[in-house]
Amino acid sequence: RNGWRMISETPLAGMRLDRVATDVVEAIRFGKSASNENNALRTLRRMLSKAAEWGMIRTAPKVKLAKEHGRTELIGQKAEGKLLDIAEQPLRDVLILILDTGMRPQEVFRMRWENVDWEHRTIFIPYGKTRNSRRFLPISKRVSEVLASRLSGMKSEWVFPSDSSCGHLTTVAKAFADAREKAGLPKSLVLYCARHTFATHALAATGNLAAVMKALGHSNAQTAMIYQHPGIEEIRQAVDAKNLATDSRHNSRHTGFVVN
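Residues numbered from 1 in each chain as written. Predicted model: local features only at pLDDT ≥ 70, side-chain atom pairs only at ≥ 80, totals over all residues. Heavy atoms only, no water.

### Some points on the overall build of the protein
Definition in use: Runs of E in the DSSP output that reach at least two residues are strands. Runs of H or I that reach at least four are helices, and both are numbered from the N terminus. Note on exposure labels: buried denotes an accessible area under 20% of the residue type's maximum, exposed denotes more than 50%, and partly exposed covers the range between, all computed with a 1.4 Å probe on protein chains only. Residue burial considers only the protein chains on display, and all accessible areas are found by Shrake-Rupley using a 1.4 Å probe.
If you tally the helices and strands in the protein, you get 12 helices and three strands. Counting only residues that meet the buried cut, the protein has 35% of its 260 residues in that class. With the model as given, the accessible surface of the protein reaches about 16,900 Å², and the carbon-plus-sulfur share is 52%.

Quick look at the structure:
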């Protein structure tokens, strides 16, 4: 829906499908960020491929996506504490779920109670175009407490119900921006950073790239590799170990007695 909104604001909206060529698409800018631009480009690519599939055009032109630079900022312990202290509901629960499961915000918003397995302490994500996107996630103790609290007296099928036309929460952007400002945190810190924080800590603690990829719903190892951040302490220990070995070899050459 958002992709079409951006397309509809460009000259493409009034063009015949068979006039939409690769060079025409490349000359149009849809948004300020690569992420927004790719949202529109993926929508356009899907439309054109469907048009070719239905015989409306001979072939779909190639639509190249813009290069995105993933979120690299982490929500540290102090920042997390500040946000959770300030955040009102439902932002607080949304933030905890992303921090402890690595779910995308939209996956959290679209959670149904039928996908929560209390016995095995897992959450099933049924959405996504790929097999990797549809996955099971572990429920931490903190998430279990959040879900139990939300379930109490709940009559909706949605974990985060709302009065919207779709019946569930669709955004907490304004609430997060307000909480971030009150906490005195930089604007570069966005809600999606919570997913990056989960992945970085999970990979550092387990060293299991395959498991982290599975939790995130990634099929490409290169995509998940951005979450590898060698810790400062690890680097310090490595340097100290090297220096210790060098000093040991140096001292061994100068021990022993000198006889005149």
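### With respect to helix α10 (residues 209-216)
Stated formally: Comment: arc refers to directions from the helix axis out to C-beta atoms.
Every buried residue of α10 is accounted for by L209, V212, M213, A215 and L216. When α10 is viewed along its axis, its buried side chains cluster within an angular range of 160 degrees and face the same direction. In α10, the exposed positions that point more than 90 degrees away from the buried face belong to A210 and K214. G217, located one to two residues past α10, shows a positive phi value of around 85 degrees.

### Observations regarding the side chain of R195
The condition that has to hold: Positive charge is attributed to Lys and Arg, negative charge to Asp and Glu, and no charge count is given to His or to the chain ends. The term salt bridge refers to a side-chain nitrogen of Lys or Arg lying within 4 Å of a carboxyl oxygen of Asp or Glu. In what follows, residue pairs with any heavy atoms lying within 4.5 Å of each other are defined as contacts.
Within the secondary structure layout, R195 lies in helix α9 (residues 193-206). Buried within the structure, R195 lacks any salt-bridge partner; its nearest side chain of opposite charge belongs to E107, at an N-O separation of 4.8 Å. Those residues within four positions of R195 in sequence are excluded, and the remaining contacts are I98, G102, M103, R104, R135, L216 and H218.

### Focus on the pairing of strand β2 (residues 122-125)
Test applied: Each pair of strands is called paired provided DSSP finds at least two bridges between the two strands.
Here strand β1 (residues 116-117) runs beside β2; their pairing, made up of two bridges, is antiparallel. Counted as the bridge partner of V116 is I123 from β2. Connecting β1 to the next strand, β2, in antiparallel fashion are four residues, including R121 with a positive phi near 55 degrees.

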